[in-house]
Amino acid sequence: NLRGCVNDAQVMQKIAKESGYSTTTLLDNQATVANFFKFLTMAANTIGTGDYLMISVSSHGTTTKMQGKDVNGICFTDGVAWDFQIKEYIKKFKKGTNIVWVTDCCFAEENFKFIFRQDGTVKYIDYSTLKNIQLPKSVKWVSSEEFYCNFIQYASSTKFQVSYDLGTNGLFTSAMKEALATFPQSNYYQLFQQIERNIKKTGYPQTPRFIVINGNLVKPKGLTFRKAFD
């Protein structure tokens, strides 16, 4: 159980609504692997060139080895959505569509590595208790170059760091909310820089990451973050 996750989802929903988005929010028992993949399928079939989709996730994450490879996953209520599965859904988005992916979780740079308790000790998952963990006979390990869409990630921490849960919100979500309230006309990278400053001034050892795939349309003097959501 994390104290800030539901609040994080509600904060991000508010940001999206204020920016003109229609929103879908999956909380607690609604946040299943099937519902997540169903939403991604619907979105990929609906949006087209020039459209924007923002996806935010606040959750635990996990990692294991499959066929000798490190595999990372997002923990949902009923199980895990593994990285190779998520990539197959992201590949379905058309060229020219824009995805902004916001993750507030431990080790976010590489899609979640370990799970930590509030006291800093590691909490290991017993994989045998989780549902639907059957590796397909043939897994295609997808590289980022196989994405057709433009993909922008705001990751709350590096692959080596814990992302702190402050109770009301995750540290990253709190920093993002403050950045958007203070500098609403920031472009994508300027927003990241302000988030970075906000986290740094708290003294927590957490370093966010800004990751762009197919970013030819994402330029330093390009669209503001909010303008893109009009």
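Keep in mind that this is a model prediction, so the values were computed, not measured. (Residues numbered from 1 in each chain as written. Predicted model: local features only at pLDDT ≥ 70, side-chain atom pairs only at ≥ 80, totals over all residues. Heavy atoms only, no water.)

**Section: the environment of Ile195**
Structurally, the position occupied by Ile195 is in helix H5 (residues 188-200). Separated by 12 residues in sequence, Ile195 and Thr207 place their C-alpha atoms 9.7 Å apart. In contact with Ile195, other than residues within four places in its own chain, are Tyr154, Phe172, Ala175, Met176 and Ala179. (Helix = DSSP H or I, 4+ residues; strand = E, 2+ residues; numbered from the N terminus. Contact = heavy atoms within 4.5 Å.)

**Focus: helix H2 (residues 33-46)**
The end-to-end C-alpha distance of H2, which contains 14 residues, comes to 20 Å, matching closely the 20 Å that a straight helix rising 1.5 Å per residue would cover. When we look at burial in H2, the residues that qualify are Val33, Phe36, Phe37, Phe39, Leu40, Ala43 and Ala44. Along the axis of H2, the buried positions cluster into a sector of 155°, meaning they face one direction only. Opposite the buried face of H2, at more than 90 degrees from it, the exposed residues are Ala34, Lys38, Asn45 and Thr46. Next to the buried residues of H2 lie strand E1 (52-58), strand E3 (69-76), strand E4 (79-82), helix H3 (83-90) and strand E5 (98-104). (Expected span 1.5 Å × (residues − 1). Buried < 20%, exposed > 50% of the residue type's maximum accessible area, 1.4 Å probe, protein only. Arc of directions from axis to C-beta.)

**Regarding the side chain of Thr173**
As for its position among the elements, Thr173 is in helix H4 (residues 171-182). Polar side-chain contacts of Thr173 include one of 2.7 Å to the side chain of Asp104. Each residue touching Thr173, except ones within four places of it in the same chain, is listed here: Asp8, Val11, Met12 and Asp104. (Polar contact = N/O pair within 3.5 Å; in protein donor to acceptor, adjacent residues only side chain to side chain.)

**Considerations on the packing of H2 against H3**
When two helices pack together, you describe them by how their axes are tilted relative to each other and by the distance separating the axes. For the pair H2 and H3, the least separation of the axes is 9 Å and the interaxial angle reads 20°. On the basis of the axis angle, H2 is roughly parallel to H3. Residues Phe36, Phe37, Leu40 and Thr41 of H2 touch H3, and the partners they reach there are Gln85, Ile86 and Tyr89. Of the residues assigned to the contact of H2 with H3, the class counts are five nonpolar, two polar and no charged. (Axes fitted to C-alpha atoms, helices over the stretch in contact; angles between N-to-C directions. Parallel < 35°, antiparallel > 145°, perpendicular 65-115°, else oblique. Nonpolar A, V, L, I, M, F, W, Y, C, P; charged D, E, K, R; others polar.)

**Quick look at the packing of H4 against H5**
Direction vectors running N to C along H4 and H5 enclose 120°, while the axes themselves pass 8 Å from each other. Here H4 lies oblique to H5, going by the angle between them. At the point where H4 passes H5, the crossing takes the right-handed sense. Side by side, H4 and H5 meet where Leu171, Phe172, Ala175, Met176, Glu178, Ala179 and Leu180 of the first sit next to Leu191, Gln194, Ile195, Asn198 and Ile199 of the second. (Left-handed = near helix turned anticlockwise from the far one by under 90°.)

Keep in mind that these numbers describe shape and distance, not what the molecule does.
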